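Listed below, chain by chain, are the residues.
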Amino acid sequence: MLLDLPVLKKGSFYFIKDSDDDLVMEDKTKRGLTVKETSVDEKLNVKADKGMIHDMDGIGHWVPIRWYFPKDSYDLAAVTVHAEAMEKKYTELRELTCPDDDD
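Once a new chain begins, its residue numbering starts again from 1 and follows that chain's sequence as written. Residue-level local features of this predicted model are given only where pLDDT is at least 70; pairs of side-chain atoms are given and counted only at 80 or more, and the full residue set underlies all totals for whole chains, interfaces and linings. In computing side-chain properties, one takes all heavy atoms of the structure into account and sets aside hydrogens as well as water.

(A) Representation of the sheet that holds strand 3 (residues 22-27) within the structure. DSSP bridges decide pairing: two strands pair if at least two such bridges lie between them. Per the convention used, a helix needs a DSSP run of H or I reaching at least four residues, while a strand needs a run of E reaching at least two, with both numbered from the N terminus. Spatially, 6 strands are ordered 1-2-3-6-5-4 in an open sheet, and the strand pairing comes out antiparallel. Every other strand in the sheet has two partners, leaving strand 1 (7-10) and strand 4 (37-40) as the edge strands with one partner each. Averaged over all pairs of adjacent strands, the angle between their axes in this sheet comes to 30°, without regard to strand direction. Two strands pair when backbone bridges link them, and strand 2 (residues 14-18) and strand 3 are joined in this way by 5 bridges, in the antiparallel orientation. Bridge assignment links Tyr-14 to a residue of strand 3, and that residue is Asp-27. For helices, the fitted line uses only the C-alpha atoms of the stretch in contact; every axis is such a line through C-alpha atoms, and the angle between N-to-C directions lies from 0 to 180 degrees.

(B) Examining the pairing of strand 4 more closely. Bridge count between strand 4 and strand 5 (residues 47-54): 4 bridges; the pairing is antiparallel. Among the inter-strand pairings, Thr-38 is bridged to a residue of strand 5, identified as Asp-49.

(C) Just the pattern of salt bridges, in detail. By definition here, a salt bridge exists when the distance from a side-chain nitrogen of Lys or Arg to a carboxyl oxygen of Asp or Glu is within 4 Å. In this structure the tally under the stated criterion is 7 salt bridges. Between Lys-30 and Asp-27 there is a salt bridge; the shortest N-O distance is 2.9 Å. In this pair, the class of Lys-30 matches that of Asp-27, namely buried. Between Asp-49 and Arg-66 there is a salt bridge, and its shortest N-O distance comes to 3.0 Å. Of this pair, Asp-49 sits in strand 5 while Arg-66 sits in strand 6 (residues 60-70), and the two are 17 residues apart along the sequence. Remark: exposure states derive from per-residue accessible area (1.4 Å probe, protein chains only) relative to the maximum for the residue type, with buried under 20%, exposed over 50%, and partly exposed in between. Since its relative accessible area comes to 6%, Asp-49 is described here as buried. Owing to a relative accessible area of 12%, Arg-66 belongs among the buried residues under this scheme. Via salt bridges that share partners, Lys-17, Glu-26, Asp-49 and Arg-66 belong to a single interconnected network.

Laid out in structure tokens, this is it:
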């Protein structure tokens, strides 16, 4: 089970876990989202679990929940590059939408 996998690295918005064949990068912001399909992520070109979120207009959008990077092609450093890019994106979004009060 994915919850039981050892965590190799974690950030504010991600975990990188160790499975037998893959390094699994999990988006913490998608925890609790039901996996609806597993397919190749178009952006990272690796297998990904995806769920559906709906915007304010009720339009559904497929979003990746976790990505499976094969150990024979990726090491922890390579997966960390992708995780840190996601971390940076979410940090910038948080700063834009939730600025700290100066009071």
